[in-house]
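# Coordinate inspection notes
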Amino acid sequence: STVNSGMGPSESQTASDLAALSLDTSSLTAAEVGAAYNEQLQASGGDGNYDWLLWQGDLPEGLSLAADGTLSGTPAAGSAGSYAVTTMVTDGFGNDASAALTLSVSGGVSTIEGQAQMVNPTRMQLTWNTITNASYYAVFRSHSEAPGTIAVTLPSAGSIGLYDGQLGSLTTVDYRYDVAAFDSSDSLLSEDSDIIPVDMGVSATSSGSGMLVDWNDILDADWYFLQRQKAATGNQVMGIFLPLDPSEYQDDGATSADDPDYAVSAGGDTVLGNS
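So, a few notes on the structure that sits alongside this text. None of these values were measured; they are calculated from a predicted model. Every chain is numbered on its own, with residues counted from 1 as its sequence reads. Reporting of local features is limited, given that this is a predicted model, to residues whose pLDDT is at least 70; pairs of side-chain atoms are given and counted only at 80 or more, and all residues count toward the totals for whole chains, interfaces and linings. Excluded from the side-chain calculation are hydrogens and water; included are all heavy atoms of the structure.

### As for the packing of aromatic side chains
Each aromatic ring pair is described using two quantities: the centre-to-centre distance and the angle formed by the ring planes. A pair of aromatic rings is counted whenever rings of Phe, Tyr or Trp (Trp by its six-membered ring) have centres within 6.5 Å, and the orientation is called stacked for planes under 30 degrees apart, edge-to-face for over 60 and tilted otherwise. This model, assessed by the stated rule, comprises two aromatic pairs. Arranged with centres 5.9 Å apart and planes meeting at 50°, the rings of Trp 128 and Tyr 137 form a pair that is tilted. Exposed residues in this analysis have more than 50% of their type's maximum accessible area, buried residues have under 20%, and partly exposed residues fall in between, with area computed by a 1.4 Å probe over protein chains only. Taking relative accessible area as the criterion, Trp 128 reaches 2% and is therefore assigned buried.

### A few points about the sheet that holds strand S4 (residues 37–40)
Only when DSSP finds a minimum of two bridges between them are two strands counted as paired. Put simply, DSSP H or I for four residues or longer makes a helix, DSSP E for two residues or longer makes a strand, and each gets a number counted from the N terminus. As summarised here, the arrangement of the three strands in space is S4-S8-S7, forming an open sheet in which the pairing is antiparallel. Where the open sheet ends on each side, the last strands, each with one partner, are S4 and strand S7 (63–65). Taking the axes of each pair of neighbouring strands and ignoring which way they run, one obtains an average angle of 10° across the sheet. Helix axes are fitted only over the stretch in contact, all axes being lines through C-alpha atoms; the angle between N-to-C directions runs from 0 to 180 degrees.

### Regarding the pairing of strand S8 (residues 70–73)
Bridge count for S4 against S8 is four bridges, and the pairing is antiparallel. Its bridge partner being in S8, Asn 38 is matched across the sheet by Ser 72. Where S7 meets S8, three bridges bridge the pair, whose relative direction is antiparallel. Residue pairing for S8: Ser 64 is matched across the bridge by Ser 72. Hairpin geometry of S7 and S8 is characterised by an intervening segment of four residues between the two adjacent antiparallel strands and by a positive phi of about 90° at Gly 69.

### Looking at the pattern of salt bridges
Side chains that differ in charge, positive against negative, can pair when their charged atoms come close. Any carboxyl oxygen of Asp or Glu that lies within 4 Å of a side-chain nitrogen of Lys or Arg is treated as forming a salt bridge with it. All told, the structure shown has one salt bridge when counted by the stated rule. Of the charged contacts, one joins Arg 228 and Asp 251 as a salt bridge, the two residues approaching to 2.8 Å between their closest N and O atoms. One end of the pair, Arg 228, is in strand S21 (residues 223–230); the other, Asp 251, is in strand S23 (residues 248–251), and 23 residues separate them in sequence. Judged on exposure class, the residue Arg 228 and its partner Asp 251 are both buried.

### Let's talk about the side chain of Ser 79
Along the chain, Ser 79 turns up in the loop between S8 and strand S9 (81–90). Polar contact is the term for a pair of N or O atoms within 3.5 Å; when the atoms are in protein, one must be able to donate a hydrogen and the other to accept it, and sequence-neighboring residues count only if both atoms are side-chain atoms. Among the polar contacts listed, one links the side chain of Ser 79 to the backbone oxygen of Ala 76, at a separation of 2.5 Å. Contacts between residues were defined by any pair of non-hydrogen atoms, one from each residue, lying within 4.5 Å. Leaving out residues up to four positions away in the same chain, Ser 79 has contacts with Val 33, Pro 60, Glu 61 and Val 105.

### A short note on the environment of Thr 102
Within the secondary structure layout, Thr 102 lies in strand S10 (residues 96–106). Among the residues examined, Thr 102 registers a relative accessible area of 44% and is labelled partly exposed. Once the C-alpha coordinates of Thr 102 and Thr 86 are considered, the two residues, 16 residues apart in sequence, prove to be 8.5 Å apart. If we skip the residues at most four places from it in the chain, Thr 102 touches Leu 28, Ser 82 and Tyr 83.

Spelled out as structure tokens, the structure:
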């Protein structure tokens, strides 16, 4: 940074009594189109009465530097790129310090990608990625017996999802889904159509003194959660399994005579689904 010294306004304190004014921020956190941005620039030394300004260069549309050193706003559509700027801070004695900084603005996420998977024979789990500037998401079911909107949901951090619990009333398995993202003006931002479900493939067969349960491996799953439903004992957790474990489980607590029903759900850092 560059520092210049000026005359001081204080009668009881002079500039020579203070540490040299320094602009300490040397880099800026990257911004994203459509995402709120807030960063506090840092300085030290001087008399502590700082006043900030943009000395050279231009910030992306939607961002501004306040006099208190707060760089904030929301980068506008089309503002992706790299911005070279010089910021300056002054103190009450007229000292100033400046620094050349670069702000990178990425284009944001503009394409939605959905996934559907059978959790059990009557329930479908749907997940998708969030989209920059999306105000809400709508999920549609394409099925000859029960087409239409399943739900409208608000965005949240990371991947989000919901369940379609009406599968038990459908007599065919032609399940296809559409997931669409809309902005605050109800304009379509992105849509993923004809999402074909991934079947968990849960099956149970007699094996030894119990039941052998197995299921399909699911892409990107970090773990699997197995439950058994049996009238005599109620819902019981069989275990949590990692992708490296065999995708099967020997349940010696039930036999085919119990007519047990098994459900397997897949998850990641957050629970993606359960049944």
